[in-house]
Amino acid sequence: MKKPFFKKISTILAAITLSVTCLAACGDDGSSSGGGKKAYTVDFYYPINAISEPQDLAIVQTRLNEIVEPKIGATVKLHPIPIANYNNKMSVMINAGDKFDLCWTSSWMNNYYQNVDLDAFVALDDLLKEHAPTVWSQIPENAWEGARVKGKIYGAIGLQQLPRISGWSFDKTMLEGYMTANNIKTEDLKTTFDSVESITPYLAYVKANKTDAGEMLTDQISMSALQIFEGWDDIGGNTIPGVVSVYDDPTEINEDGNYVTVFNQFETAEYQNAMNTAKAWRDEGYTRRTPLETSYEIRKSYVNMLTTWKPDVYPLELAKVRTASTPDKDVVCVAASDPVYYNSYLVGNLIALSATSENYTASVKFLELMSSDKDVYNTLAFGIEGTHYKKSETNENRIEFLDAVVRYDMRKDSWMFGNQFNSYLTDGMDDDVWEQTKAINNATDVKYSPIVGFSFDISKVKVEIANCQKVYGDYDAPLMTGSNGDRTSAKYTEFLTKLKAAGVEKIIAEKQRQLNEWLAAKNK
């Protein structure tokens, strides 16, 4: 049963409300606010890297609606949710059948596939072509295949760098010292730091040469970053067992009897190596002692794993570490692999239309404005000119932040708002940063994962997926921080045992079956 009864009733009531609303208050396209009628309000939910909503949200929203309403006959209400609360907030709203219009979704948060299975989202194929032509045309056709579920697209892909590249963000002063001490040239950084364990000698150098008393030289090993270092493309989310290698050949039957083999990433030698590396870092005092002993402060760190290296990553990483207490701190961002189109990354940044929306047209038209209108994008991303930022005297497309940016600072989250190529340039960005990014997206020699376009139907293993995600939540973080100490090996064995009891083998088998069928049909 896909929906609880109360949710079905809620959807029916929403449909009735939509009919009444359109008859009583809407124009022909359901979004007009002419004739003195109250404009429809599009409710947009998205996560933010903060513990509370921005202080100046109300005045930014007012400014945004001054741009939006004349263009689509509707207004928007912004609902930025602290990232720590976002999964739970959206899960409660979706399962209760609460009314909203748009929400940010992905394979790794507010899970896209699971929400589609709940009938929480509306298919966008026709709506995008009719009301959001920019959104539709800006994404390559083969990339759209990554967002299809059972032949339909339920999430609009945000335009940013689409292939993934692994990488690191280093403390600039410390990295330069390490390079000098070890005679490492800039052009050698990519191969020097091409694996998780490759930064261990650097961490040892930092500990021997740092002047502060902190022990938090780096954070836990991130699964999202680890999978790119290892070339794993997840199926349905990286907290769910079952991935493939992006280096498999999808046109030839392999020794396992499959075109591409699905395997449990948590059972691999690579995962065990990452786990043992994390333990070694803890033993040497490079990372936190226990998860509860002290919180990780990124501004005091010396290296961090990037989930994806991009030409524009520098100012984002700089904003994380340069604060009032660390005004001189600087970073160097290093790419550690070649670009690859991951199927999972194509569903890593989506905006979906809720099945409870009372005005599909107005909602999709706002979605279009985020991609087609630079003023809309930059208001969402940077706030109000003259209040939160000012334009450069030498380049009207470059901005400088004012003191009030602390009251509306969305720099770390602006990649979620449709088309990142609309963004103003900020401190640390090259003038041609978006041309560099487009070149990566459009490179003819870029590699594609063998499963781009494949979507996993979770319906036969929903219970097993939920069970395995619970086990993952209990075990992965302690293993990837090394905080299990001498119990690491025992805890890892316990982790695998509980995954097996939770149904991991059934999940792997179902993924393999569906993938075999999809590739067989594709290779005919």
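Criteria and cut-off values
- Residues numbered from 1 in each chain as written.
- Predicted model: local features only at pLDDT ≥ 70, side-chain atom pairs only at ≥ 80, totals over all residues.
- Heavy atoms only, no water.
- Axes fitted to C-alpha atoms, helices over the stretch in contact; angles between N-to-C directions.
- Helix = DSSP H or I, 4+ residues; strand = E, 2+ residues; numbered from the N terminus.
- Parallel < 35°, antiparallel > 145°, perpendicular 65-115°, else oblique.
- Contact = heavy atoms within 4.5 Å.
- Phe/Tyr/Trp six-rings, centres within 6.5 Å; stacked < 30°, edge-to-face > 60°.
- Buried < 20%, exposed > 50% of the residue type's maximum accessible area, 1.4 Å probe, protein only.
- Left-handed = near helix turned anticlockwise from the far one by under 90°.
- Nonpolar A, V, L, I, M, F, W, Y, C, P; charged D, E, K, R; others polar.
- Arc of directions from axis to C-beta.
- Polar contact = N/O pair within 3.5 Å; in protein donor to acceptor, adjacent residues only side chain to side chain.
- Core = buried A, V, L, I, M, F, W, Y, C linked by side-chain atoms within 4.5 Å.
- Pairing = 2+ DSSP bridges.

Caption draft 1: Layout of the packing of helix α18 (residues 462-481) against helix α19 (residues 488-502). In the contact formed by α18 and α19, the axes pass within 9 Å of each other and the chain directions differ by 175 degrees. Here α18 lies roughly antiparallel to α19, going by the angle between them. Every residue of α19 that contacts α18 at E464, N467, C468, V471, Y472, Y475 and L479 is listed here: T488, K491, Y492, E494, F495, K498, L499 and A502.

Caption draft 2: Structural view of the packing of aromatic side chains. On inspection of all chains with the given rule, the structure shows 29 aromatic pairs. Aromatic side chains F170 and Y202 sit 5.0 Å apart centroid to centroid with 85 degrees between the ring planes, which places their arrangement in the edge-to-face category. Remark: Y202 occurs in helix α10 (residues 200-209) and F170 occurs in strand β7 (residues 167-171); sequence separation between them is 32 residues. Summarising the burial analysis for this pair, F170 and Y202 share the class buried.

Caption draft 3: Summary view of the packing of helix α12 (residues 269-283) against α19. Two elements in contact, α12 and α19, have axes whose closest approach is 11 Å; the angle formed by their N-to-C orientations is 145 degrees. Crossing handedness for the pair α12 and α19: right-handed. Residues Y271, Q272, M275 and K279 of α12 form the contact with α19, whose own contacting residues are T488, Y492 and F495. When its residues are assigned to classes, the contact of α12 with α19 shows four nonpolar, two polar and one charged.

Caption draft 4: Seen up close, helix α8 (residues 172-181). By the burial criterion, the buried members of α8 are M174, L175, Y178 and M179. Buried residues of α8, viewed axially, fall in a sector of 135 degrees; they line one side. Away from the buried face of α8 by more than 90 degrees, exposed residues T173, T180 and A181 are located. Sitting at the amino-terminal end of α8 is D171, which places a side-chain oxygen 3.3 Å from the backbone nitrogen of T173. In the segment just after α8, N183 is the residue with positive phi, at about 55 degrees.

Caption draft 5: The nonpolar core, seen in detail. Core analysis: the biggest nonpolar cluster contains 82 residues, and F44, Y112, F366 and F417 have the highest contact counts within it. M174, M305, V334 and F456 belong to the second largest nonpolar core, which has 61 residues in total.

Caption draft 6: Just the environment of M174, in detail. Within the secondary structure, M174 is located in helix α8. Classification of M174 by relative accessible area gives buried; the value is 11%. For the pair formed by M174 and L479, sequence separation is 305 residues and the distance between their alpha carbons is 27 Å.

Caption draft 7: Examining the pairing of β7 more closely. Counting buried residues along β7, five of its five residues qualify, which places the element largely inside the surrounding structure. Of the two faces of β7, the one holding G167, S169 and D171 and the one holding W168 and F170 are both buried throughout. When β7 meets strand β10 (residues 303-306), the two strands line up antiparallel, connected through four bridges. From the neighbouring strand, F170 faces β10, where its bridge partner is V303. With five bridges connecting them, β7 and strand β11 (residues 331-335) associate as antiparallel partners. Looking at β11, one finds that S169 is bridged to C333.

Caption draft 8: Structural detail: the sheet that holds β7. Judged by pairing direction, the sheet is antiparallel, and its three strands sit side by side in the order β10-β7-β11 without closing on themselves. Two strands in the sheet have a free side with no partner beyond their single neighbour: β10 and β11. Direction aside, the axes of adjacent strands within the sheet are offset by 20 degrees on average. Packed onto the sheet, α8 meets β7 and β11 and runs at close to 95 degrees relative to β7.

Caption draft 9: Looking closely at the environment of L515. Tracing the sequence through the fold places L515 in helix α20 (residues 504-522). Along the backbone, L515 and F456 are 59 residues apart, and their C-alpha atoms lie at a distance of 8.1 Å. For L515, the contacting residues outside a window of four places in its chain are V244, V260, V262, I451 and F454.

Caption draft 10: The arrangement of the sheet that holds strand β1 (residues 40-48) in detail. Strand order in the open sheet formed by five strands is β2-β1-β3-β13-β6, and the pairing between neighbours is mixed. Looking at strand neighbours, the two that pair on one side only are β2 (74-82) and β6 (156-157), the edges of this open sheet. Alignment of β1 against strand β3 (residues 102-105), held across two bridges, turns out to be parallel. Bridge pairing in β3 places Y45 opposite C103.

These figures capture arrangement, not role.
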